[in-house]
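Structure assessment
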Amino acid sequence: MTYQEVLENAKSCVGPYCKTCPVCNGLACKNKMPGPGAKGSGSVFIRNYQKWQELCVNMDTIHENVPIDTHLEIFGKTLELPVFAAPIRSLHLHYGDKLDNDAYDHLLIPGCHKAGIAAFCGDDKDPVVMDNALDVIAGEGGVGIPTLTPWRVDEDLLSRKLKKINETRPMAASIAIDAAGLPFFTNIQSYSVAELREVISRTEVPFILKGVMTVQGAQKAVEAGAAGIVVSNHGGRVLDQCPATAEVLPAIADAVGGKIKIFVDGGIRTGIDIFKALALGADAVLIGRPFINVTYGGGEEGIRLYVEKLTDELRNTMLMCGAAKLSDIRRSMLFGF
């Protein structure tokens, strides 16, 4: 099976809302929700993608001829590529009936691990969904990151999930604080710094806050004791008319880079996009919707083919811009910086 064959196969089983476009840029689905579109006008999904395309890289091929190394050491694990599959839930609601949350996790988490990357997995009100995902992560030696949804405080439910996380020992855990704006749920809450600090203090693995879009938010994450943040607007699905992640990433990286790990998502589709994100200050990226397409269209083989594509694109960009390893990637490798 080829990557293109995987995408063609996905067209027959992802739906009815996702169009499995050749380029996942938000133009076709726009504000169609349920489905993969964005909130309100749908412009934030499109903006996320477009801002990466507006960045240009500086070609510089006068350098030593050395092997290109895309490995990332993070939270005690070695990844072949600085890429994570983003957490996605409500598969039936948004992407059709072929896979439910459990079936998706059983393909995505091992598929990503075998391909040399790791997957974030989502949450559900039913704790069994998180339990099952953590069991799959445990089977992969802890390579995976469970992502809590900030349901209104239910101490018994939260305690059960944190206990399972601590028993399973994934490489890290996270909470999608940006989920407070999801239009499909009315039982989501925001968290104060003190409340986040309390949750983090009960977690025995590195903890990541997903949904930071300002310098102030990043500084609050540091104050709360987070080990990392994901610069994310939830794919444009929680707030209309906010900036793209590429637009806010540099200032956030300048403010807290080196203090915590910085991830970024939103419209990242190719290896060259990954290069741009790292140049702006990210340690790694999250990619969401394309992993739906390749998992639905090709299972673990589809995941492998997509990761191979990303790897080839990133290596070629690093070669052509003079970066032998990830730490060599600098903001000056982007045109105009």
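Below: a short report on this structure. (Residues numbered from 1 in each chain as written. Predicted model: local features only at pLDDT ≥ 70, side-chain atom pairs only at ≥ 80, totals over all residues. Heavy atoms only, no water.)

**Some points on the side chain of Arg-289**
Selection criterion: Helix and strand assignments come from DSSP, with helices taken as H or I runs of at least 4 residues and strands as E runs of at least 2, each series counted from the N terminus. Throughout, exposure labels follow a simple rule: accessible area from a 1.4 Å probe, protein chains only, divided by the maximum for the residue type, with under 20% read as buried, over 50% as exposed, and the rest as partly exposed. Charge assignment: positive for Lys and Arg, negative for Asp and Glu; neither His nor the chain ends contribute. A side-chain nitrogen of Lys or Arg and a carboxyl oxygen of Asp or Glu constitute a salt bridge if their distance falls within 4 Å. The criterion used for residue contact is that any of the two residues' heavy atoms lie within 4.5 Å.
Inspection of the secondary structure assignment puts Arg-289 in helix H11 (residues 289-321). The side chain of Arg-289 sits in the buried core without any salt bridge; Asp-265 is the nearest counter-charge, 8.2 Å away. Those residues in contact with Arg-289 that sit more than four places away from it in its chain are Cys-24, Pro-36, Gly-37, Phe-45, Ile-88, Tyr-95, Gly-235, Arg-237 and Arg-269.

**Regarding unusual backbone geometry**
Of note, the bond from Met-33 into Pro-34 is cis; its omega dihedral lies within 30 degrees of zero at 10 degrees. A positive phi angle is found at Arg-169, which is not glycine, with a value near 60 degrees. Relative to the assigned elements, Arg-169 resides in the loop between helix H6 (155-168) and strand S6 (173-176). Unlike most non-glycine residues, Gln-241 shows phi in positive territory, near 60 degrees. Turning to its location among the elements, Gln-241 is positioned in the loop between strand S8 (228-231) and helix H9 (245-256).

**A short note on the sheet that holds strand S10 (residues 284-287)**
What counts, and what does not: Any two strands are treated as partners once DSSP identifies two or more bridges connecting them. Helix axes are fitted to C-alpha atoms over the stretch in contact, other axes to C-alpha atoms as well, and angles between N-to-C directions run from 0 to 180 degrees.
Within the closed barrel, the eight strands sit side by side as S3-S4-S5-S6-S7-S8-S9-S10. Their pairing is parallel. Geometrically, the sheet is characterised by an average inter-axis angle of 25 degrees between neighbouring strands, direction not taken into account. Pairing of S8 with strand S9 (residues 261-264) involves four bridges; the strand directions are parallel. Paired with Val-231 across the strands is Val-264, a residue of S9. Seen against the sheet, helix H4 (residues 101-115) touches strand S3 (83-85) and strand S4 (118-121) and runs at an angle of roughly 150 degrees to S4. Across the face of the sheet, helix H10 (residues 271-279) comes into contact with S3, S9 and S10 while running at roughly 135 degrees to S10.

**Brief notes about the pairing of S8**
Let me state the cut-off plainly: Viewed with both strands pointing away, a crossover whose connecting path from the first strand over the helix to the second turns clockwise is right-handed.
Neither face of S8 is open: one carries Gly-228 and Val-230, the other Ile-229 and Val-231, and all of them are buried. Inspection of the sheet shows strand S7 (residues 207-212) paired to S8 by four bridges, in the parallel sense. Residue pairing in the sheet places Ile-208 in a bridge with Gly-228 of S8. Running through helix H8 (residues 215-224), the crossover from S7 to the neighbouring parallel element S8 is right-handed. Following the chain from S8 across H9 to the adjacent parallel S9, one finds a crossover that is right-handed.

**Regarding the packing of aromatic side chains**
For the record, the criterion: Working definition: a ring pair exists when centres of Phe, Tyr or Trp rings (six-membered ring for Trp) sit within 6.5 Å. Plane angles under 30 degrees give stacked, over 60 give edge-to-face, the rest tilted.
Taken as a whole, this structure holds six aromatic pairs when the rule is applied. Centroid distance Phe-84 to Phe-120: 5.5 Å. Interplanar angle 80 degrees. Geometry classified as edge-to-face. One end of the pair, Phe-84, is in strand S3; the other, Phe-120, is in strand S4, with 36 residues separating them in the sequence. Using a relative accessible area of 0% as the deciding quantity, one classes Phe-120 as buried. Here the aromatic rings of Phe-291 and Tyr-306 are separated by 5.2 Å at their centres, their planes lie at 75 degrees, and the arrangement is edge-to-face.

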